[in-house]
Each structure stands twice: as structure tokens, then as C-alpha cells.
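# Coordinates in review
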Amino acid sequence: LAILFLLLAAYFFKQQRAEIVEAGNILTRAQSAFVALGLGLTVLYIVLQGLMYVYAFQAVHTHVSLRSACKLFLKRNLISVFLPGGGITSLAFFTEELENKGITKTKIAYASYIVGIIGFVSLILIAIPVIAFLSMDGQRMGNNWWAIGGLTLAILCIYYLSHSFIHKGWVYRKLYRINPQFEAIALELKASKVRSVKIIFCLLSSLAVEVVGIGHIYIAMLALGLSPQMDMAMASYIIATLFYAISPFLRGLGAVEVSMVVVLQSYGVSQVDALSVTLLYRIFEFWAPLVAGIAAFFSARGNIILRLFPAILLASLGVINLISVLTPPLLDRIHFLKQYLPLDFIHFSNLAVLVLGVMLLACSAFLLKGLKNAWRIALLLSLASLFGHLVKGVD
């Protein structure tokens, strides 16, 4: 599975490389004040997603801090890109930190289930009035009604199956025959009565997430100097999000962009401007949370990558020092240095860089063990190495 996800990740970033390059170009053209406002809304978007988890856990009589909830969302959001049906399947991951705090697997799964369902319910609640309004305004919305109908039917089926399991209906009986341990899960779920008020708060947070998404499109149009309309922003967001919701792979790769461009063009926006707005919206709503998700992985204390990465870099610096000493310096730089430094000092610097290279390799082994003194020595050796490279040949 890990290899499959890595291959999907490589494919995803290969497919998106043009968008990544173009996103940089758009940011240089966009008005910085509106870009900053859009990124500020992205922070609010992450906080609201975290609040959904906070209220979902409170609904099952469990407390999770907002910080932990935001980290959980960011990690799941990141891997959802590479999982089939990532919006749902990612809810099964990264439970260890919560389990270490004494929260049972059943309650974690129950709260995650609530978050997943509420996300779809809020989208339907926002989409129905928007699409109804657009239909009365003469827009062709037939396919979108089918999408809403399909999502609603799926939610009703999930609710029925869940109710049947908790209240020991036919779903419970079928699962019990497969594995009697399902009885303990059903009893725990029935014992922890859901707090309806917290479910409402979770739904309100999710509705606020949808409003932020509409705001992102509106701000993207302002940043690119267009004349935005609220109905345009709402229509493009709802339709693009519906495509994302029913897309099983790579977070709606391609479908979101195409649908948004088509909707914006139907309002008279040129193709170039429509594509620019879409890409800027993707920066706010997709790429920025994705980068934050990567940062969330590195923020964990004792993270294996944080342990390995500095040691690998330090060992690489040691190897570079050795190679640098073994290769001849550039003559024009030596002539330049001889105007300011004695030749013996330059030779001594060359020898010092060689010794530092060996010491860096040795220090990297101790750094891998996580020793604090190894970290301090690594900083000193790196600074000395920097100075040595400069005075041995402006290298």
C-alpha cells in the first residue's frame, strides 16, 4: 500500500507540475493584499475543520484540543490526495496520538464518522438553494441535481446502516456472525449517547467551511482585478465541490479545474481569467493546506524524518568537504585570495576543511542517536566548515 500511495503521489505531482509553475506566475500578478487575505481565510478554513473534529469528539463525550484536531485534519487532508476515495478513507488514519491520550478506537472512529457525514450534509444544505436559484435563473443544472440526489441517497443509506448496527438490527447480526467482537463495539456506541447540541455546532462549523470556500473564489477574482459577483462565486464553488465529492481519485484532479472554468466562462469570464481564478482558488483551498499538512508531519516530537534528515544533511556536508579538498581549486580565486591572505593560511584552511569533513561524518552518526551535544557540535562544525570553504578558495 505504501508503494502504491508513493506511486500515486508521484503521478499526482507529475500531472500537477504545470499548475504548480503557473500558480507561482499567478501569485506574482495578483494583488498582494488580497492574496494575504485569501491565505488568512485559509488559516480560518483549517481552524474550522479542526473545530469540526473538536465538536464531533465532544458529541461522543470525549475532549480533543483544537491544536490536536487541526493537526489531525491536516495530516488526513494530505494523505487523502493519494488514497482512493480519500475524503472518507483518510478518516481511518492517524489515530495513534489520540489513542495515547486514552481515547478508545471506537470513539475515534465514531467521531471521524460524524465529521465525514457532516461534511457531506453541509455541502448538500448549501448546494440545494444555490442550484435551485441558478435553475430559476435559466442555468442548466440537471447533472448537479443528479449529484446532489446521489450524495443524499448515500448519506441516507449510511445513516440507515449505522442505525441498524447500533440498535442491533440486521447489519449488526450479519457482522456479529463474521466476528463476535462487533458486540463490544455496538455496546460502546450505544452507551455513549450522542450529544445533539455538539452535532449542531459541528454542522455550523462545516457550513462555515463552505462559506470560506465561496469567499476564496470571490477574493481570487478581486486579487486578479476582475469584477466578482456573489452568485458567480457560489455557483463555481458548489459545482466544483460536487465534482470533488463524487470523484474517487486524487481529490477530483482535473474535474474541479474544468468544472470551475466552465462555470466562470458561462458568466462571461474569459478562458485565461477563468483559469487564473481557478488556480488561485486552488492555492488557497488546496495547495496551502497541503503544505501545512506536510509541516504537521514534521512538527511531531521524535518524528523519524526530523531525526534522519539533519544527520543525512550533515553527512552530506562531510562528503562535500572531502570531495572539495580532493579537487583542485579555481586559479582565479586563488590569485584573488593571495591578495588578502598568506599562501600558508590558504593551505592550512584546505587541511582544516579535510579534518572538518571527517569530524562531520563522525558527528552525523551521533546526531542520528538524537544527542543534544551532537546537535551543538554539528552547528559549530557547520559554521567552521562555511568559513573554511571561503578562505581555502572562495568555494
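Residues numbered from 1 in each chain as written. Predicted model: local features only at pLDDT ≥ 70, side-chain atom pairs only at ≥ 80, totals over all residues. Heavy atoms only, no water.

## A few points about the environment of Leu78
Within the secondary structure, Leu78 sits in helix H4 (residues 66-80). Assessed through its relative accessible area of 11%, Leu78 is described here as buried. The spatial distance from the C-alpha of Leu78 to the C-alpha of Pro289 is 7.9 Å, given a sequence separation of 211 residues. Apart from residues no more than four positions distant in its own chain, Leu78 is found in contact with Leu290, Gly293, Ile294 and Phe297. (Helix = DSSP H or I, 4+ residues; strand = E, 2+ residues; numbered from the N terminus. Buried < 20%, exposed > 50% of the residue type's maximum accessible area, 1.4 Å probe, protein only. Contact = heavy atoms within 4.5 Å.)

## Overview of the environment of Thr62
Among the secondary structure elements, Thr62 is positioned in the loop between helix H3 (32-59) and H4. Of the residues examined, Thr62 reaches a relative accessible area of 11% and is grouped as buried. Note: C-alpha distance between Thr62 and Gly102 (40 residues apart in sequence) is 9.8 Å. In contact with Thr62, not counting residues within four places along its chain, are Phe57, Ile103 and Lys107.

## Looking at H4
Between the first and last C-alpha of H4 there are 21 Å, a value that for 15 residues agrees with the 21 Å anticipated at 1.5 Å per step. The buried fraction of H4 amounts to 13 of the 15 residues, a majority that puts the element mostly inside the structure. (Expected span 1.5 Å × (residues − 1).)

## Overview of the nonpolar core
Tyr53, Phe57, Ile217, Ile238 and Leu280 are the most contacted members of the largest nonpolar core, which has 73 residues in total. Those elements that place two or more of their residues in this core are H3, H4, helix H7 (105-136), helix H11 (196-223), helix H12 (230-246), helix H13 (255-266) and helix H14 (271-298). Sequence-distant contacts of Tyr53, defined by excluding residues within four places in its chain, comprise Ala69, Leu72, Phe73, Arg76, Leu91, Ser112 and Val115. Formed by nine residues, the second largest nonpolar core is a distinct cluster that contains Cys363, Leu367, Ala378 and Leu381. (Core = buried A, V, L, I, M, F, W, Y, C linked by side-chain atoms within 4.5 Å.)

## What to know about the packing of H3 against H11
Closest axis-to-axis distance for the H3/H11 pair is 9 Å, and the angle between their directions is 165°. Between H3 and H11, the angle falls in the class roughly antiparallel. Here the hand of the crossing between H3 and H11 comes out left-handed. Its residues assigned to classes, the contact of H3 with H11 comprises 20 nonpolar, eight polar and one charged. (Axes fitted to C-alpha atoms, helices over the stretch in contact; angles between N-to-C directions. Parallel < 35°, antiparallel > 145°, perpendicular 65-115°, else oblique. Left-handed = near helix turned anticlockwise from the far one by under 90°. Nonpolar A, V, L, I, M, F, W, Y, C, P; charged D, E, K, R; others polar.)

## Description of the side chain of Ser364
By the element assignment, Ser364 lies in helix H17 (residues 343-368). For Ser364, the residues in contact, after removing those within four places along its chain, are Ala311, Leu314 and Ala315.

## Points about the side chain of Thr95
Considering the arrangement of structural elements, one finds Thr95 in the loop between helix H5 (86-89) and helix H6 (96-100). For Thr95, a relative accessible area of 16% corresponds to the buried category. In this structure the side chain of Thr95 is engaged in a polar contact, spanning 2.7 Å, whose partner is the side chain of Glu99. Apart from the residues within four sequence positions on either side, Thr95 is in contact with Arg76 and Ile108. (Polar contact = N/O pair within 3.5 Å; in protein donor to acceptor, adjacent residues only side chain to side chain.)

## A word on the packing of H4 against H14
Packing of H4 against H14 leaves a shortest axis separation of 8 Å and a crossing angle of 115°. One way to sum up the angle between H4 and H14 is to call them roughly perpendicular. When the axes of H4 and H14 are compared, the crossing they make is left-handed. Contact residues: Lys71, Leu74, Lys75, Asn77, Leu78 and Ile79 in H4; Pro289, Leu290, Ala292, Gly293, Ile294, Ala296 and Phe297 in H14. The class makeup of the residues in the contact of H4 with H14 is nine nonpolar, two polar and two charged.

## Overview of the packing of aromatic side chains
Inspection of every chain in the model, using the stated rule, returns four aromatic pairs. Taking the centre distance of 6.0 Å and the plane angle of 75° together, the rings of Tyr45 and Phe73 count as edge-to-face. Taken together, the residues span a long stretch of sequence, with Tyr45 in helix H3 and Phe73 in helix H4 at a distance of 28 residues. Phe73 shares its class with Tyr45; the two are buried. On the basis of an interplanar angle of 35° and a centroid distance of 6.3 Å, the ring pair of Tyr110 and Tyr113 is categorised as tilted. (Phe/Tyr/Trp six-rings, centres within 6.5 Å; stacked < 30°, edge-to-face > 60°.)

## So, unusual backbone geometry
Backbone geometry at His61 places phi at a positive 65°, although glycine is not the residue there. Structurally, the position occupied by His61 is in the loop between H3 and H4.

## Digging into the confidence of the model for the protein chain
When pLDDT is averaged along the protein chain, the result is 78; 72% of the residues meet or exceed 70. Taking the mean pLDDT of every element in the protein chain, the minimum, 58, falls on helix H1 (residues 2-15) and the maximum, 91, on H3. (pLDDT = per-residue confidence, 0-100.)

## Points about the environment of Lys75
With respect to the helices and strands, Lys75 occurs in helix H4. Of the residues examined, Lys75 reaches a relative accessible area of 11% and is grouped as buried. Along the sequence, Lys75 and Phe94 sit 19 residues apart, while their C-alpha atoms lie 7.6 Å from each other. Those residues in contact with Lys75 that lie beyond four places of it in its chain are Phe94, Glu97, Ala296 and Phe297.

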